[in-house]
Amino acid sequence: MVPAAEMMKERECPAGMDVEVVKEPDELEMIEELARFGINAGDIKKAKEAGYHTAKSIVMIPKKALYSVRGLSEAKVDKMVEAASKLVKCGFITGTEALQKRKQIFKITSGSQAVDDLLGGGIETQSITECFGEYRSGKTQLSHTLAVTTQLEVSQGGGFGKVAVIDTDGAFRPENVIPIAQRYGLNPERVLDNIVTAKAYNTDHQMELVDHVGALCATQPFRLLIIDSLTALFRSDYSGRGELAERQQKLNQMMSKIKRLADQYNVAVFVTNQVMADPGGGSVFVQDAKKPIGGHILAHASSVRLSLRKGKGESRIIKVIQHPNMPEADATFDISNQGIADSND
């Protein structure tokens, strides 16, 4: 019998691509491998049903979360974590090794060279990129564009992988993907087949859908998760200052969950965010000041923060607010039915 980890070394590529398989930079040690260390098959099944599909997921999650899995005692959890730690290297590594691991990261083009230059090459995997702005600032159209460019070959600025979309605003439109796919010479039907989407109806459902994405990533070559919008349901499910602390705690749990997913499966996470009026944040130079929802929780959890605002006509202005490698700067791009592209001005 072929071990699960061996089966995961090469995963099927998106349909319609010329290459038959995509080689993963890191071998995924599936949770079934714990059986080699004496873990009961029934306990492995219980953990998998709870959303833990790899050995790394067992190591990354706090033990108290595993204790809550029905049928897993503290002794069983301790033994499971010990076994997973033998499969996954989670200790210190040298700076040279860290640099080598960085080479596994994909940079996915936004569709605009000016925006890519602003981001140091594009949207990175193993990172959360947050994009906030008011209504019609271009957030969803950027999401649609990334859903297509992710499927391009790596040499073309893509991630050569599939895309998952969690839609909380009802903004995802498959018909809008078609002209973007045609722009890149891709088969629209195959592009749509490589996108999975689900509508989230409340924050609990949104959390469950992130778990479902993790299950998909364990068996298929997903390279991008889009959540549009991340905070819409948090605003509706939790209202007033009396529920603010509970909302922020739940949001923190959500961000921790998607950060683990991004790191574990080498996936880029692109989340859109809404804004609110900031009466105290304006100045004589800034009229109608706005700030993103989520406060410090979202600011600290996001690797990259981007601000979008309207320009003239169909042009939009994007600004880097936070980036680990790039300075604060802005660029202009245009939006059309073919996605986002460099500005003609």
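Residues numbered from 1 in each chain as written. Predicted model: local features only at pLDDT ≥ 70, side-chain atom pairs only at ≥ 80, totals over all residues. Heavy atoms only, no water.

## So, the side chain of Glu 124
Consideration 1: Positionally, Glu 124 belongs in strand E4 (residues 123-124).
Consideration 2: Judged by relative accessible area, which is 8%, Glu 124 ranks as buried.
Consideration 3: Those residues in contact with Glu 124 that sit more than four places away from it in its chain are Arg 102, Ile 105, Phe 106, Lys 107, Ala 268 and Asn 325. (Helix = DSSP H or I, 4+ residues; strand = E, 2+ residues; numbered from the N terminus. Buried < 20%, exposed > 50% of the residue type's maximum accessible area, 1.4 Å probe, protein only. Contact = heavy atoms within 4.5 Å.)

## Looking at the pattern of salt bridges
When the charged atoms of two side chains lie near each other, side chains of opposite charge can form a pair.
Consideration 1: One pass over the full model with this rule turns up 13 salt bridges.
Consideration 2: Salt-bridge contacts for Arg 36 lead to Glu 33; the nearest nitrogen and oxygen are separated by 2.7 Å.
Consideration 3: For Lys 257, the salt bridge goes to Asp 211, with nearest N and O atoms at 3.1 Å. Linking Lys 257 in helix H13 (residues 244-265) with Asp 211 in helix H11 (residues 203-217), this pair joins segments that are 46 residues apart in sequence.
Consideration 4: By relative accessible area, which is 19% here, Lys 257 ends up buried. (Salt bridge = Lys/Arg side-chain N within 4 Å of Asp/Glu carboxyl O.)

## A look at the sheet that holds strand E9 (residues 268-273)
Consideration 1: Strand order in the open sheet formed by 9 strands is E7-E6-E8-E9-E5-E12-E13-E14-E15, with mixed pairing between adjacent strands. For this open sheet the edge positions go to strand E7 (195-199) and strand E15 (339-342), each flanked by a neighbour on one side alone. Between one strand axis and the next, the sheet turns through 25° on average, direction left out of account.
Consideration 2: Pairing between strand E12 (residues 304-310) and strand E13 (residues 315-322): 6 bridges, direction antiparallel. Across the sheet, the residue bridging to Lys 310 is Arg 316, located in E13.
Consideration 3: Against the sheet, helix H8 (residues 139-149) touches strand E5 (128-133), strand E6 (162-167), E7, strand E8 (222-228), E9, E12, strand E14 (330-336) and E15, its axis set at about 165° to E9.
Consideration 4: Lying over the sheet, H11 contacts E6, E7 and E8, oriented at roughly 170° with respect to E6. (Pairing = 2+ DSSP bridges. Axes fitted to C-alpha atoms, helices over the stretch in contact; angles between N-to-C directions.)

## Considering the pairing of E8
Consideration 1: In terms of burial, E8 is largely enclosed, as 7 of its 7 residues are buried.
Consideration 2: Pairing of E8 with E9 involves 4 bridges; the strand directions are parallel. Following the sheet pairing, Leu 224 is matched in E9 by Ala 268.

## What to know about the packing of H11 against H13
Consideration 1: Look at H11 against H13: their axes get within 11 Å of each other, and the N-to-C directions meet at 10°. Between H11 and H13, the crossing angle belongs to the class labelled roughly parallel. Each of Thr 203, Asp 204, Gln 206, Met 207, Val 210, Asp 211, Val 213, Gly 214 and Cys 217 in H11 lies in contact with H13, whose residues at this interface are Lys 250, Gln 253, Met 254, Lys 257, Ile 258, Leu 261 and Tyr 265.
Consideration 2: Among the residues forming the contact of H11 with H13, the class breakdown is 8 nonpolar, 4 polar and 4 charged. (Parallel < 35°, antiparallel > 145°, perpendicular 65-115°, else oblique. Nonpolar A, V, L, I, M, F, W, Y, C, P; charged D, E, K, R; others polar.)

## Re the environment of Asp 204
Consideration 1: Considering the arrangement of structural elements, one finds Asp 204 in helix H11.
Consideration 2: Its relative accessible area of 45% is what places Asp 204 among the partly exposed residues.
Consideration 3: Separated by 46 residues in the primary sequence, Asp 204 and Lys 250 place their C-alpha atoms 9.2 Å from one another.

## Focus: unusual backbone geometry
Consideration 1: A cis amide bond links Asp 228 to the next residue, Ser 229, at an omega of 0°.
Consideration 2: The topology assignment puts Ser 229 in the loop between E8 and helix H12 (232-237).
Consideration 3: Of note, the phi angle at Arg 136 is positive, near 65°, even though the residue is not glycine.
Consideration 4: Mapping Arg 136 onto the fold places it in the loop between E5 and H8.
Consideration 5: The backbone of Phe 160 shows a phi angle near 50°, a positive value even though the residue is not glycine.
Consideration 6: For Phe 160, the position within the fold is in the loop between H8 and E6.

## Overview of H8
Consideration 1: The element H8 is largely enclosed, with a buried count of 10 among its 11 residues.
Consideration 2: What H8 keeps buried is the set Lys 139, Gln 141, Leu 142, Ser 143, His 144, Thr 145, Leu 146, Ala 147, Val 148 and Thr 149.

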